[in-house]
Amino acid sequence: MRAISQNEFGGPEVLHEIDIPRPEPAPTEVLVRVVSAGINPVDAKTRAGGGMAGVLGQPPFVLDWDVSGVVEEVGFGVHTLKPGDEVYGMPWFPRQAGGFSEYVTAPSRHFALNPSTVDFDAAAAVPLAGLTAWQILHDAVHIKTGQRVLIHAAAGGVGHFAVQFAKVAGAHVTGTASAAKHDWLRDIGADQVIDYRSTRFEDVAGDQDIVVDLIGGENALRSIQVTKPGGIVVAVPGGVSADLAAAAEKRGVSAIPFLVEPDGHALTEIAALIDAGKVQVEVEQVFLFSEIAAAHQRQESGRAQGKLVVRVAP
Ligand SMILES: NC(=O)c1ccc[n+]([C@@H]2O[C@H](COP(=O)([O-])OP(=O)(O)OC[C@H]3O[C@@H](n4cnc5c(N)ncnc54)[C@H](OP(=O)(O)O)[C@@H]3O)[C@@H](O)[C@H]2O)c1
């Protein structure tokens, strides 16, 4: 089968197509024919030697964790999926999943049935970013109706899901983004939008119960000042530095790190929200398998609106 691999850490140019044997599903696993694969910042970071490179080890390896496709075979013990089912998932994260391949095998419970109202490209855009937003809001901070939530990088992959999940949960949602994306963010549910390029968010968005910081560094530190005592700042990229922990303690705020994990049950709940029309999946661009380097370049620009996807099936 065709796959995209790399023999060394480096820029997008290290990515190249290879031919490798098709994997076999072990007991409790499914073999999925991949139709589309979503791209995330962790792909570009890992390709360059950061991200999950510490887990994957030295190249060669096959990147990508976001897949949608069709179940081709099921291993012994699989009762919830069958051949022909259309599924999506974020298998094996943070270990190697090899989403940039024509087939992947993974535990059946790492997948869920695709939302029935969107195509494979949009389904592949959901798992990693959607699960990140879902698990932060529901598992890490236990969001409640009426809370005030500030989401930094609201227009990105994780951010646009976080805005919508927080709205569904009944929160008051503020998002930071450049001005061109404000109308769209209001359309998907943001109550307040802040152009971080012209306005300091501290000047217009105080008293937050929850801040989801998808930027890191100084931005996380500044976020402490707009969080109520007793509130929570989720420091997603970079985690909690000593400076951040000290500033949080001084203000009586919790600063917590976060790492997403595979979760078929949450994907079933997310699919139901998409099919009910309560959550939209924004796909900025779909790339061909041969355009993988361009897809990584766009990801690394840090400017994508919603998600980027690669069509793996011919
Ligand atoms: N720990 C985990 O489990 C986990 C999981 C998922 C993601 N992450 C990390 O979380 C971060 C976000 O991921 P993502 O997939 O959402 O990224 P993404 O889709 O690449 O984010 C792109 C968006 O970021 C916005 N942006 C850039 N700089 C900004 C700033 N200073 N203020 C506000 N918005 C800004 C851009 O909007 P403009 O063009 O308008 O600036 C763009 O729409 C990445 O660092 C990623 O590695 C961590």
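Numbering of residues starts from 1 in each chain and follows the order in which that chain's sequence is written. Local features in this predicted model are restricted to residues of pLDDT 70 or higher, and side-chain atom pairs are both shown and tallied only at a pLDDT of 80 or more, whereas totals for entire chains, interfaces and linings draw on every residue. Values shown for side chains rest on all heavy atoms present in the structure; no hydrogens or waters enter the calculation.

Engineer: Even after reading the chapter, I still don't get the UniProt feature "domain: Enoyl reductase (ER)" (unreviewed entry) in the protein, so can you show me in this structure?
Structural biologist: UniProt positions are given in the numbering used here, feature names are shortened, and annotations may be inferred rather than shown by experiment. Residues annotated by UniProt as "domain: Enoyl reductase (ER)" (unreviewed entry) correspond here to residues 10-310. This span, residues 10-310, is 30% helix and 27% strand, and a straight line between its end C-alpha atoms measures 20 Å. Working definition: helices are DSSP H or I runs of at least four residues, strands are E runs of at least two. Numbering for both runs from the N terminus.

Engineer: In this structure, what is going on with the site of the ligand? I would like to understand it.
Structural biologist: Near is defined per residue: the residue qualifies when any heavy atom it owns lies within 4 Å of the molecule or strand. In the vicinity of the ligand, 27 residues are found, and the nearest of them are Lys-45, Ser-178, Lys-181, Tyr-196 and Ala-304. Separating an oxygen atom of the ligand from a backbone N or O atom of Val-158 is a distance of 2.9 Å. We call two N or O atoms a polar contact when they sit within 3.5 Å, provided that within protein one can donate a hydrogen and the other can accept it, with sequence-adjacent residues counted only if both atoms are side-chain atoms. Separating an oxygen atom of the ligand from a side-chain N or O atom of Tyr-196 is a distance of 2.3 Å. Only the protein chains shown count as cover for residues, with accessible areas throughout obtained via the Shrake-Rupley method and a probe of 1.4 Å. Here the ligand, which alone exposes 940 Å², has 87% of that area covered by the protein. Among the detected pockets, the ligand sits in the largest pocket. For the shell around the ligand, the secondary structure elements donating two or more residues are helix H1 (41-47), helix H4 (127-140), helix H5 (157-168) and strand S10 (172-177). Grouping the amino acids of the shell around the ligand by side-chain chemistry returns 15 nonpolar, eight polar and four charged. Cavities and pockets were defined on a 1 Å grid built over protein atoms only: a cavity is a set of grid points that admits a 1.4 Å probe from which the probe cannot escape, a pocket is an open set flanked by protein on both sides within 12 Å along at least five of seven lines, and lining residues are those with an atom within 4 Å of any such point. Assignment of a molecule to a cavity or pocket requires that more than half of its atoms lie within 2 Å of the corresponding grid points. Under the scheme applied here, ten amino acids are nonpolar (Ala, Val, Leu, Ile, Met, Phe, Trp, Tyr, Cys and Pro), four are charged (Asp, Glu, Lys and Arg), and all others, including Gly, are polar.

Engineer: Could you clarify how one ought to interpret the sheet that holds strand S9 (residues 148-151) in this entry?
Structural biologist: The strands that make up a sheet pair up through hydrogen bonds in the backbone, lying either parallel or antiparallel. When DSSP finds at least two bridges between two strands, those strands are taken to pair. The parallel open sheet is built from six strands, whose spatial order is S11-S10-S9-S12-S13-S14. Each edge of the sheet is formed by a strand with only one pairing partner; in this case those strands are strand S11 (192-195) and strand S14 (254-257). Strand-to-strand twist in this sheet, taken as the mean axis angle between neighbours without regard to direction, amounts to 15 degrees. Bridging between S9 and strand S12 (residues 208-213) involves three bridges; their strand directions are parallel. In the strand pairing of S12, Leu-150 is matched with Val-211. Note on geometry: axes are lines fitted to C-alpha atoms, helical ones only across the stretch in contact, with angles between N-to-C directions running from 0 to 180 degrees.

Engineer: How do you make sense of unusual backbone geometry when you look at a structure like this?
Structural biologist: For the bond running from Pro-59 to Pro-60, omega is 10 degrees, close enough to zero to count as cis. Residue Pro-94 is bonded to the preceding Phe-93 through a cis peptide linkage, with omega at 5 degrees. Mapped onto the secondary structure, Pro-94 falls in the loop between strand S6 (86-89) and strand S7 (103-107). Of note, the phi angle at Asp-64 is positive, near 90 degrees, even though the residue is not glycine. With respect to the secondary-structure elements, Asp-64 resides in the loop between strand S4 (61-62) and strand S5 (66-74).

Engineer: Even after reading the chapter, I still don't get the domain arrangement of the protein, so can you show me in this structure?
Structural biologist: Accessible area lost upon the coming together of the parts serves often as the stated size of an interface. Domain start and stop positions are those given by an automatic or database domain assignment. Here the protein is described as being made up of domain 1 (2-128 + 262-311) and domain 2 (129-257). Centre-to-centre, using C-alpha coordinates, domain 1 lies 26 Å away from domain 2. Tallying the contact residues gives 22 residues for domain 1 and 19 residues for domain 2. Note on terms: buried area is the combined drop in 1.4 Å-probe accessible area of two parts once they are placed together, counting the loss on both. For the pair domain 1 and domain 2, the summed buried surface comes to about 1700 Å²; carbon and sulfur atoms form 60% of the total. Looking at the side of domain 1 facing domain 2, the largest losses of area belong to Gln-280, Arg-303 and Gln-305, adding up to 26% of the total buried there. Note on contacts: a residue pair is in contact if any heavy atoms of the two residues lie within 4.5 Å.

Engineer: Whenever I open this one, the environment of Gly-175 confuses me. Can you help?
Structural biologist: Structurally, the position occupied by Gly-175 is in strand S10. Partly exposed describes any residue whose relative accessible area lies between the buried limit of under 20% and the exposed limit of over 50%, with all areas from a 1.4 Å probe on protein chains only and scaled to the type maximum. The class of Gly-175 is buried, set by a relative accessible area of 1%. Put simply, Gly-175 and Val-211 are 36 residues apart on the chain and 9.8 Å apart in space, counted from C-alpha to C-alpha. Once you skip the residues sitting within four places of it in the chain, Gly-175 turns out to touch Ile-151, Ala-154, Gln-192, Val-193 and Ile-194.

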